[in-house]
Amino acid sequence: SPETEAAYEAALAHALDTGSEILASGGAAIDAVEAVIMGLEDNPLFNAGRGAVLTETGEFSLDSSIMAGDTLNAGAVAGLSNIRHPISAARAAMENSPHVMLAGEGADQFAAEQGLEVVDPTYFFTERRWDSLIRVLERRGVEAPAHPLGAAQEDELSMLSFPDDRKFGTVGVVAMDQTGTIVAGTSTGGTTAKRWGRVGDSPVIGAGTYAANGVCGVSATGTGEYFIRLAIAYAICARIELLGETASEAADHVIHTQLTGLEGDGGVIVLGPDGTPTWSFNTEGMYRAYATSEGRREIEIYEYNEGAF
Ligand code: ASP
């Protein structure tokens, strides 16, 4: 509906404003990426933080990662259940732990020890995602878990209509700052009704997120299993670095030839070596936007216009 479309466009415009303000005043790409993703995690329109999809047992299991292109340092968390901002947990893992990836209870515990905000999991709950879970469980013939107590909301979001959930709602940001450093970050609730501690591509460095200065930065969304198998984020950067392809050629090849070839679906946002933004996806749409220091700005939902930039 026009209302739903306007809500997504406003969220994307706000994301561009937040990131541009930090970068224009000489801020670091990592701060811009974290701040923008925190805002998107708080926004129930997206499948990250509040508004995340639910697991088969009606829980939340949040994944996130971040990578800094100047040092190739990276941090990732998988299966968080009660941390309001998974992207901040990924950043803390990168900056304040000797590890790259933390998972499950230990990741929640680490994030809490880092002083990150802990919330009751009902904070992440939205009726829209609950309804999607129930639909999937019905198809699967699995009994639905109990509706989380006290979590029913008649908020504005429940009034919006979402004709399909195939436009993925994972959030990702790639930014280049004034020093030329590229940082990429991704945050997600994963896939609806996922089972057995399933972890997708979003917290996997090289699959859902990658950044290397002078080469590229990538954040991905889509059916994570395919993104992991094709190491999509790294594959795009490797094509740019080793084959000399432009960011847009590399992204289109990996998405339209490799991903489509395996019948996987999804897309990527990419910054090329000089900071030129591009994107590629094989779904009907992908909520996406970019802003440049020269004042170019684009916000798109639907059709794919190749070589948009
Ligand atoms: N890539 C995410 C995952 O597989 C889901 C998504 O982007 O919608 O966990």
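Residues numbered from 1 in each chain as written. Predicted model: local features only at pLDDT ≥ 70, side-chain atom pairs only at ≥ 80, totals over all residues. Heavy atoms only, no water.

Focus: the sheet that holds strand S3 (residues 101-103)
Reasoning step 1: Taken in spatial order, the 5 strands of this open sheet run S3-S2-S1-S5-S4, and their pairing is mixed. The open sheet has two edge strands with one neighbour each: S3 and strand S4 (171-176). Between one strand axis and the next, the sheet turns through 5° on average, direction left out of account.
Reasoning step 2: Summarising the sheet, strand S1 (residues 62-68) and strand S2 (residues 74-80) pair through 5 bridges and their orientation is antiparallel. Directly across from Met67, in S2, lies its bridge partner Ala74.
Reasoning step 3: Across the sheet, helix H2 (residues 29-42) touches S1, S4 and strand S5 (182-188), and the angle it forms with S4 is around 160°. (Pairing = 2+ DSSP bridges. Helix = DSSP H or I, 4+ residues; strand = E, 2+ residues; numbered from the N terminus. Axes fitted to C-alpha atoms, helices over the stretch in contact; angles between N-to-C directions. Contact = heavy atoms within 4.5 Å.)

A few points about the site of the ligand
Reasoning step 1: Contacts to the ligand come from 12 residues, most closely from Thr170, Arg198, Asp201, Thr221 and Gly222.
Reasoning step 2: One of the side-chain nitrogen or oxygen atoms of Asp201 is found 2.7 Å away from a nitrogen atom of the ligand.
Reasoning step 3: Between a nitrogen atom of the ligand and a main-chain N or O atom of Gly222, the distance comes to 2.7 Å.
Reasoning step 4: Taken together, the residues that form the shell around the ligand break down as 1 nonpolar, 9 polar and 2 charged. (Near = heavy atom within 4 Å. Polar contact = N/O pair within 3.5 Å; in protein donor to acceptor, adjacent residues only side chain to side chain. Nonpolar A, V, L, I, M, F, W, Y, C, P; charged D, E, K, R; others polar.)

Thoughts on the packing of aromatic side chains
Reasoning step 1: On inspection of all chains with the given rule, the structure shows 8 aromatic pairs.
Reasoning step 2: Centroid distance Tyr8 to Phe46: 5.4 Å. Interplanar angle 85°. Geometry classified as edge-to-face. Of this pair, Tyr8 sits in helix H1 (residues 2-24) while Phe46 is found in the loop between H2 and S1, placing the two residues 38 residues apart along the sequence.
Reasoning step 3: Exposure remark for Tyr8: the relative accessible area of 2% places this residue in the buried category.
Reasoning step 4: Residue Phe46 is classed as buried on the basis of its relative accessible area, which comes to 4%.
Reasoning step 5: Between the NZ or CZ atom of Arg288 and the centre of the ring of Trp279, over which it lies, the distance is 5.0 Å. (Phe/Tyr/Trp six-rings, centres within 6.5 Å; stacked < 30°, edge-to-face > 60°. Buried < 20%, exposed > 50% of the residue type's maximum accessible area, 1.4 Å probe, protein only. Lys NZ or Arg CZ within 6 Å of the ring centre and 35° of its normal.)

Let's talk about the sheet that holds strand S6 (residues 209-212)
Reasoning step 1: Here 4 strands make up an open sheet; going across it, the order is S6-S7-S8-S9 and the pairing antiparallel. In the strand order of this sheet, the two ends are held by S6 and strand S9 (277-281), each with one partner. For this sheet the average axis-to-axis angle between neighbouring strands, irrespective of direction, equals 10°.
Reasoning step 2: The pairing of strand S8 (residues 266-271) with S9 spans 5 bridges and is classified as antiparallel. Paired with Val270 across the bridge in S9 is Thr278.
Reasoning step 3: Helix H8 (residues 232-243) rests against S6, strand S7 (216-222) and S8 of the sheet, and its axis sits at about 145° to S7.
Reasoning step 4: Strand contacts of helix H9 (residues 247-261): S8 and S9, with the helix running at about 10° to S9, the strand carrying the most contacts.

Quick look at the pattern of salt bridges
Reasoning step 1: This structure, assessed with the given rule, holds 10 salt bridges.
Reasoning step 2: A salt bridge links Arg91 to Glu34, with the nearest nitrogen and oxygen atoms 2.7 Å apart. Highlighted residues: Arg91 in helix H3 (residues 86-96) and Glu34 in helix H2, separated in sequence by 57 residues.
Reasoning step 3: On the accessibility criterion, Arg91 (13% relative accessible area) is buried. (Salt bridge = Lys/Arg side-chain N within 4 Å of Asp/Glu carboxyl O.)

What to know about the state of the cysteines
Reasoning step 1: For the coordinates displayed, the defined rule picks out 1 disulfide.
Reasoning step 2: Paired through a disulfide, Cys216 and Cys237 show a sulfur-sulfur distance of 2.0 Å. On the sign convention where negative means left-handed, the S-S torsion of about -90° between Cys216 and Cys237 marks this disulfide as left-handed. With a gap of 21 residues between them, Cys216 in strand S7 and Cys237 in helix H8 connect regions that are remote in the sequence.
Reasoning step 3: The class for Cys237 is buried, based on a relative accessible area of 2%. (Disulfide = S-S within 2.5 Å.)

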